[in-house]
Amino acid sequence: MTRIALCQLPVAPDPATNLKRATEAIARAEGADLAIFPEATLTRYGRRITELAEPLDGPFVTGLAEAARDHGVAVIAGVFEPGEGRVHNTAVAIDASGAVRAAYRKIHLFDSFGSRESELVAPGSEPTVVELAGLRIGLITCYDLRFPELARALVDRGADMFAVIAAWSSGPLKEDHWITLVRARALENTMWTAAVDQAPNPAEASDGFGVGRSMLVDPLGVVRADLGSAPGVQVVELDAELTASARATLPCLEHRVLGVGRLP
């Protein structure tokens, strides 16, 4: 069994406030092997991200790494890295010794529903799988969830779990989209999927990012935990042996016919 802390935090505009909340959540995740935080845990979206972005050796990631080491827990969290004119929306993966093991730069940018993430964020290009807490974890960030080809690329790179981090925007049917897509990525790939979204935070921002509903979904698409909309930290258990059982029952990965549907 691997114990995972789903850390559904409200994210403030101020990085120092968010670092304090994140380190407190790590301390609360007693007994967890891995703590997963939302996309943009560093600061909320907005034009200020170009000013508040930090390198991976800056104070925010350094503070997370110290907490990871102090509590012996691996961490995945969303930050913004400085870039050439635009920033990168990065999922940073830190092991239990406090070492940064991977940094996935979000590939699919949220230019939908009236938003234009690409005005401030430069896209990444490389799907990323990282070894943490005894698992090979495929990293997925928010809008990436709508692109099943990325999840399948992570499977082909050896992932045995997906970690989805998000600042999912609210609006009509958007919560339904989140739940449906998380379950679909788990089921179609027979893959444990831990998905962590920001908690709604109307007291500190009115941008509408964060619907909550962080969840753990098993390889047959069953929701094993759902945090609802309130802030919280919940430790859940992932049984890796269930993956083999699910794939024996539903061997869809073996039944793939590559190239079907492609134009000549």
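Scroll up for the structure.
The structure presented is a predicted model; accordingly, all values stated were derived computationally and were not measured. (Residues numbered from 1 in each chain as written. Predicted model: local features only at pLDDT ≥ 70, side-chain atom pairs only at ≥ 80, totals over all residues. Heavy atoms only, no water.)

K.L.:
When you look at the sheet that holds strand S7 (residues 135-141) in this model, what are you seeing that I'm missing?
P.N.:
Sheet strands pair via backbone hydrogen bonds, and the direction of the pair is either parallel or antiparallel. Pairing is mixed across the open sheet formed by six strands, whose spatial order is S6-S7-S8-S9-S10-S11. Here the strands that pair on one side only, and so sit at the sheet edges, are strand S6 (129-132) and strand S11 (223-226). Across the sheet, the mean angle separating the axes of adjacent strands is 20 degrees when strand polarity is ignored. Sheet topology places S6 next to S7; four bridges connect them, and they run antiparallel. Bridge assignment links Leu132 to a residue of S7, and that residue is Leu135. Most of the contacts of helix H4 (residues 148-156) go to S7, to which it runs at about 160 degrees, and overall it touches S6, S7 and strand S8 (161-166). (Pairing = 2+ DSSP bridges. Helix = DSSP H or I, 4+ residues; strand = E, 2+ residues; numbered from the N terminus. Axes fitted to C-alpha atoms, helices over the stretch in contact; angles between N-to-C directions. Contact = heavy atoms within 4.5 Å.)

K.L.:
Before we go on, may I ask you to explain the environment of Leu216 in this structure?
P.N.:
Take Leu216: it is sitting in strand S10 (residues 215-217). According to the relative accessible area criterion, Leu216 is buried, its value standing at 0%. Sequence spacing of Leu216 and Glu237 is 21 residues, and the spatial spacing of their C-alpha atoms is 8.8 Å. In contact with Leu216, not counting residues within four places along its chain, are Leu6, Trp192, Thr193, Ala194, Val222, Val223, Arg224, Ala225, Val236 and Glu237. (Buried < 20%, exposed > 50% of the residue type's maximum accessible area, 1.4 Å probe, protein only.)

K.L.:
What exactly am I supposed to notice about the packing of helix H1 (residues 15-28) against helix H3 (residues 59-71) here?
P.N.:
How two helices sit against one another is set out by the angle between their axes and by the gap between those axes. Closest axis-to-axis distance for the H1/H3 pair is 10 Å, and the angle between their directions is 15 degrees. Considered as vectors, H1 and H3 are oriented roughly parallel to each other. Relative to H3, the crossing made by H1 is right-handed. Of H3, the residues touching H1 (which contributes Pro15, Asn18, Leu19, Ala22, Thr23, Ile26 and Ala27) are Pro59, Phe60, Gly63, Leu64, Ala67 and His71. Its residues assigned to classes, the contact of H1 with H3 shows nine nonpolar, four polar and no charged. (Parallel < 35°, antiparallel > 145°, perpendicular 65-115°, else oblique. Left-handed = near helix turned anticlockwise from the far one by under 90°. Nonpolar A, V, L, I, M, F, W, Y, C, P; charged D, E, K, R; others polar.)

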